Amino acid sequence: MTTPGKRLTPRAFAEPVRIGTPLHVYLDWYYALLDAPWIRVLSVLTAIFVGVNAAFAFVYLWFPGSVEHARPGNFEDAFAFAVQTFSTIGYGAMTPGHGAGNLIVTVEAATSVFMTALFTGLMFARISKPRAKVLFSNVAVITRFHGQPALMFRAGNARRTDIVDASIMVTALKEEMSPEGQHLRRVHDLKLVRDHTPFFRMSWVIIHLIDDESPLKGVDWKDPGGHVLAISAILTGHDVNYSQQVYARHVYQPDHLRVGHRFVDVLTDRPDGRIQVDYGLFHDTLPDGLGPYSPAP
């Protein structure tokens, strides 16, 4: 059970600790490697490659004479022969020996075919997986839009290609108490001024009006952490280069909210008629001078 009133950190969303997970979930090594960092994937695959070849080297040593021209009982020669067989490099001075050697080579060659197919599929799946290069502003602002308080943040497409049919969903995680006295952390959908765009090429300001129907109505913006634990955004769209669906997400903590600020404009017209996006100003804000924003006590 979570602690009432305790503020959540970004790590709480990025790295939740899971206990009691069924064993078969942990045994799904393909998914684990598909989602793991590159350094971990390369380390695991290297360890498997070395381990399998070391195991076959011990098998060759178990049957003396299975490798012709290898030094008797020498692990280095047996390991080198196993690597040559596994990787289909081709034999030099060492060749399979008597019947046991040919049988072991056959088993290792079959193992190599299966493992190469698995490794190739894993690497291709990782490399070909589309990743949206969407930038979210480091902060969200509480300002006024058409005379009403509004929550705003910015998203930008850092790629040169379009993301078509893009849509965004924004939710607020609030701490509440049920009529029965049960502590709850509830997710509320935030209605947006515009939650869909036919193409997403440059910059997009996402706006939620804090009106009477807003879940953020009544929040004390002098201390938003007492009501709002986090605001999350999930953007999806179709990448025209990959011809696949892509998504990006971002989480804003109460410390990421700037009350009474507005974003600096990042779009300017160039002399040649094109529009310029200055991502160097993407996260910058200025005081709006339009407060107050917190409800009267």
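What counts and how
Residues numbered from 1 in each chain as written. Predicted model: local features only at pLDDT ≥ 70, side-chain atom pairs only at ≥ 80, totals over all residues. Heavy atoms only, no water. Helix = DSSP H or I, 4+ residues; strand = E, 2+ residues; numbered from the N terminus. Polar contact = N/O pair within 3.5 Å; in protein donor to acceptor, adjacent residues only side chain to side chain. Contact = heavy atoms within 4.5 Å. Expected span 1.5 Å × (residues − 1). Pairing = 2+ DSSP bridges. Core = buried A, V, L, I, M, F, W, Y, C linked by side-chain atoms within 4.5 Å. Buried < 20%, exposed > 50% of the residue type's maximum accessible area, 1.4 Å probe, protein only. Axes fitted to C-alpha atoms, helices over the stretch in contact; angles between N-to-C directions. Parallel < 35°, antiparallel > 145°, perpendicular 65-115°, else oblique. Nonpolar A, V, L, I, M, F, W, Y, C, P; charged D, E, K, R; others polar. Salt bridge = Lys/Arg side-chain N within 4 Å of Asp/Glu carboxyl O.

**Observations concerning the side chain of Asn 157**
Then, number 1: Tracing the chain through its elements places Asn 157 in strand β5 (residues 148–157).
Then, number 2: Polar contacts involving the side chain of Asn 157 include one to the main-chain carbonyl oxygen of Phe 200, which spans 2.9 Å.
Then, number 3: Leave out the neighbours within four places in its chain, and Asn 157 touches Lys 133, Asp 162, Ile 163, Phe 200, Arg 201, Met 202 and Tyr 279.

**Some details on the environment of Ser 43**
Then, number 1: Mapped onto the elements of the fold, Ser 43 is located in helix α4 (residues 38–62).
Then, number 2: A polar side-chain atom of Ser 43 sits 2.7 Å from the main-chain carbonyl oxygen of Ile 39.

**Description of α4**
An α-helix turns once every 3.6 residues. As a result, residues three or four positions apart point the same way.
Then, number 1: The terminal C-alpha atoms of α4 lie 36 Å apart, and with 25 residues this matches the ideal 36 Å at 1.5 Å per residue to within 8%.
Then, number 2: Looking at the buried positions of α4, the neighbouring elements they touch are α3 (29–35), β1 (67–68), α5 (75–86) and α6 (99–128).

**Digging into the pairing of strand β10 (residues 228–239)**
Then, number 1: When strand β6 (residues 163–177) meets β10, the two strands line up antiparallel, connected through 10 bridges. Its bridge partner lying in β10, Met 169 is registered against Ile 234.
Then, number 2: The pairing of β10 with strand β11 (residues 244–252) spans 9 bridges and is classified as antiparallel. Bridge pairing links Leu 235 to Ala 248 in β11.

**Quick look at the nonpolar core**
Nonpolar side chains tend to gather and get buried jointly when the protein is soluble and globular.
Then, number 1: Ranked by size, the top nonpolar core spans 29 residues in total, and within it Phe 136, Phe 153, Ile 168, Val 170, Leu 216 and Ile 231 carry the most contacts.
Then, number 2: For this core, the secondary-structure elements that each account for two or more residues are β3 (134–136), β4 (140–145), β5, β6, β9 (203–209), β10 and β11.
Then, number 3: Filtering out sequence-adjacent residues up to four positions away, Leu 216 remains in contact with Leu 151, Ala 172, Leu 190, His 208, Ile 210, Trp 221 and Val 228.
Then, number 4: One finds Phe 81, Phe 86, Ile 104 and Val 105 within the second-largest nonpolar core, a separate group that totals 20 residues.

**Brief notes about the packing of α4 against α6**
Then, number 1: The N-to-C vectors of α4 and α6 enclose an angle of 175 degrees; their axes lie 11 Å apart at closest approach. Accordingly, the angle class assigned to the pair α4 and α6 is roughly antiparallel. For the pair α4 and α6, the contacting residues are Trp 38, Val 41, Leu 42, Leu 45, Ile 48, Val 52, Asn 53, Phe 56, Val 59 and Tyr 60 in the first and Gly 101, Ile 104, Val 105, Val 107, Glu 108, Thr 111, Met 115, Phe 119, Leu 122, Met 123, Arg 126 and Ile 127 in the second.
Then, number 2: Taken together, the residues of the contact of α4 with α6 break down into 17 nonpolar, 3 polar and 2 charged.

**Overview of unusual backbone geometry**
Then, number 1: Phi angles above zero are rare outside glycine, and His 69 is one such case at about 70 degrees.
Then, number 2: Among the structural elements, His 69 can be located in the loop between β1 and α5.
Then, number 3: For His 69, a relative accessible area of 63% corresponds to the exposed category.
Then, number 4: Phi at Thr 88 takes a positive value of approximately 55 degrees, unusual for a residue other than glycine.
Then, number 5: Here Thr 88 shows up in the loop between α5 and β2 (95–96).

**Focus: the pattern of salt bridges**
Then, number 1: Counted by the stated rule, this structure contains 5 salt bridges.
Then, number 2: Residue Arg 71 pairs with Glu 76 through a salt bridge whose shortest N-O separation is 3.9 Å.
Then, number 3: A salt bridge links Arg 274 to Asp 272; the shortest N-O distance between them is 2.9 Å.
Then, number 4: Since its relative accessible area comes to 52%, Arg 274 is described here as exposed.

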